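Summary of structural features
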Amino acid sequence: MKKILFLAALLVLSCKTNQVVNNTKEVGAVSVINFSKPENVAKTLSFLASDELEGRDSGSEGIEKASVFLENMLKKNGVKPYFKTYRDTLSNFDKTSYNIVGYMEGTDEKMKNEFVIIGAHYDHIGKISAVNGDEIANGANDNASGTTAVTEVMKYFAQNKNNKRSLLFVFFSAEEKGLLGSKHLAKKLKEQNMDLYFMFNFEMIGVKMNRDDMLLYLTGFGRSNMAQKMNEYAGEKLIGYIPAETQYQLFRASDNYPFYNEFEVPAQTVSTFDFENFEFYHKPDDEFELMDTTHMANVVNKMITVLEKMMNADTKEIQLKK
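Keep in mind it's a predicted model, so treat the numbers as computed, not measured.

This model, assessed by the stated rule, comprises 19 aromatic pairs. Ring geometry for Tyr 103 versus Phe 115: centroids 6.1 Å apart, planes at 25°, classification stacked. Pair noted here: Tyr 103 is in strand 5 (residues 98-104) and Phe 115 is in strand 6 (residues 114-121), with a separation of twelve residues, a long-range link. Three or more aromatic residues joined by ring pairs make a cluster, and in this case those are Tyr 82, Phe 83, Tyr 103 and Phe 115. Positioned above the aromatic ring of Tyr 98 is the side chain of Arg 87, whose terminal nitrogen or guanidinium carbon lies 4.6 Å from the ring centre.

As structure tokens, then:
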């Protein structure tokens, strides 16, 4: 009897362990990831948007602290450098600045030669004209929020190791200087003849949109079938289109664009900043305290579910529209 009880206890423990590792639940025919937690999002985001980093201006002491933080996070999670080190030194900026690049080899012998890039810029604009005595543009929404999302996605795949294609997790510098970090890296990887399937970028996801018909919008919505496939993979409408995306030419305004130019593959950005739900763009009041970490965790979990299917599809289902 004791032996039976012992085996039963082991079975329960095993089930609980698998539940923690996989951390999914079935909703209809779609498995929903419940990996990212608001408290973990808050821990990363609060540091990246802290006064200690002084607004993370490219080439500054503040962004150096962010660089070390991101390097240590990649190392802690067993994600290797893609180059000799995690630091990819920019060739097109007058101050020493780095993209931080982590690498996970794909698990499929054939598909591992194809790459997916998941990225966000971690720089901001540093110190600016003071508002109510505050001169630090902390950049919580822009783009510590997107950077945090990439760290959460990275942790999931580092733990599960279920990516058939190879992954690069990239934190871009000097985006605020004219997409310099992504321009540098896109050109470099193209010269190395990387087989890039798609590039996926997180930009300003810290505050929920004031609408219920979508969770995020996608820049360059009509340039590929990415939005349609993401909604298909999700089993719900997660991704939509907003007119501001076209009005402000947002497809060209973030780090997806250089990869689209260099590789001519789907390279797009998701965001929840719609020019109506957040009034502190490039202002000192872009602070951690205004961020919705529950919303951010939800975005990450939904995107993990979708990205997993995107990167592991047997064929390159995400295609540019002609």
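So, next bit.
This part is about the environment of Lys 76. With respect to the helices and strands, Lys 76 occurs in helix 3 (residues 61-76). Distance in space between the C-alpha atoms of Lys 76 and Ala 158 is 9.9 Å, their sequence separation being 82 residues.

What follows concerns the packing of helix 2 (residues 38-48) against helix 9 (residues 293-312). Following both chains from N to C, one finds helix 2 and helix 9 inclined at 105°, their axes separated by 8 Å at the closest point. The pairing of helix 2 with helix 9 is recorded here as roughly perpendicular in orientation. Contacts between helix 2 and helix 9 involve Pro 38, Val 41, Ala 42 and Leu 45 from the former and Thr 293, Thr 294, Met 296 and Ala 297 from the latter.

This next bit is on the environment of Thr 89. For Thr 89, the position within the fold is in strand 4 (residues 87-89). Sequence-wise, Thr 89 and His 184 are 95 residues apart; in three dimensions their C-alpha atoms are separated by 8.9 Å. In contact with Thr 89, other than residues within four places in its own chain, are Ser 97, Tyr 98 and His 184.

Next up on the list: helix 2. Counting along an α-helix, one turn takes 3.6 residues, and residues three or four places apart therefore face a common direction. Those residues of helix 2 that sit buried are Val 41, Ala 42, Thr 44, Leu 45 and Leu 48. Looking at the buried residues of helix 2, the elements they touch are helix 3, helix 4 (140-160) and helix 9.

Counting 66 residues, the largest nonpolar core has Phe 169, Phe 202 and Met 303 as the members making the most contacts within it. A total of ten residues in this core trace back to one element, the largest contributor, which is helix 9. Residues contacting Met 303, with those up to four places away along its chain left out, are Phe 200, Phe 202, Leu 216, Met 230, Leu 238 and Ile 239. In this structure, Phe 83, Leu 168, Met 194 and Ala 267 belong to the second largest nonpolar core, which totals 17 residues.

A few words now on helix 5 (residues 180-191). Given a rise of 1.5 Å per residue, twelve residues ought to cover 16 Å, and the 17 Å separating the end C-alpha atoms of helix 5 matches this to within 8%. For helix 5, every residue scored as buried is listed here: Leu 180, Gly 181, Ser 182, His 184, Leu 185, Ala 186 and Leu 189. On its buried side, helix 5 packs onto strand 4, strand 5, strand 6, strand 9 (166-172) and helix 8 (256-263). Downstream of helix 5 by a residue or two, Asn 193 has a phi angle that is positive, lying close to 60°.

Here the focus is the pairing of strand 5. For strand 5, the buried fraction is high: six of the seven residues fall into the buried class. When strand 3 (residues 80-81) meets strand 5, the two strands line up antiparallel, connected through two bridges. Bridge pairing in strand 5 links Lys 80 to Tyr 103. Two strands pair when backbone bridges link them, and strand 4 and strand 5 are joined in this way by three bridges, in the antiparallel orientation. In the strand pairing of strand 5, Thr 89 is matched with Tyr 98.

Conventions and cut-offs
- Residues numbered from 1 in each chain as written.
- Predicted model: local features only at pLDDT ≥ 70, side-chain atom pairs only at ≥ 80, totals over all residues.
- Heavy atoms only, no water.
- Phe/Tyr/Trp six-rings, centres within 6.5 Å; stacked < 30°, edge-to-face > 60°.
- Helix = DSSP H or I, 4+ residues; strand = E, 2+ residues; numbered from the N terminus.
- Lys NZ or Arg CZ within 6 Å of the ring centre and 35° of its normal.
- Axes fitted to C-alpha atoms, helices over the stretch in contact; angles between N-to-C directions.
- Parallel < 35°, antiparallel > 145°, perpendicular 65-115°, else oblique.
- Contact = heavy atoms within 4.5 Å.
- Buried < 20%, exposed > 50% of the residue type's maximum accessible area, 1.4 Å probe, protein only.
- Core = buried A, V, L, I, M, F, W, Y, C linked by side-chain atoms within 4.5 Å.
- Expected span 1.5 Å × (residues − 1).
- Pairing = 2+ DSSP bridges.

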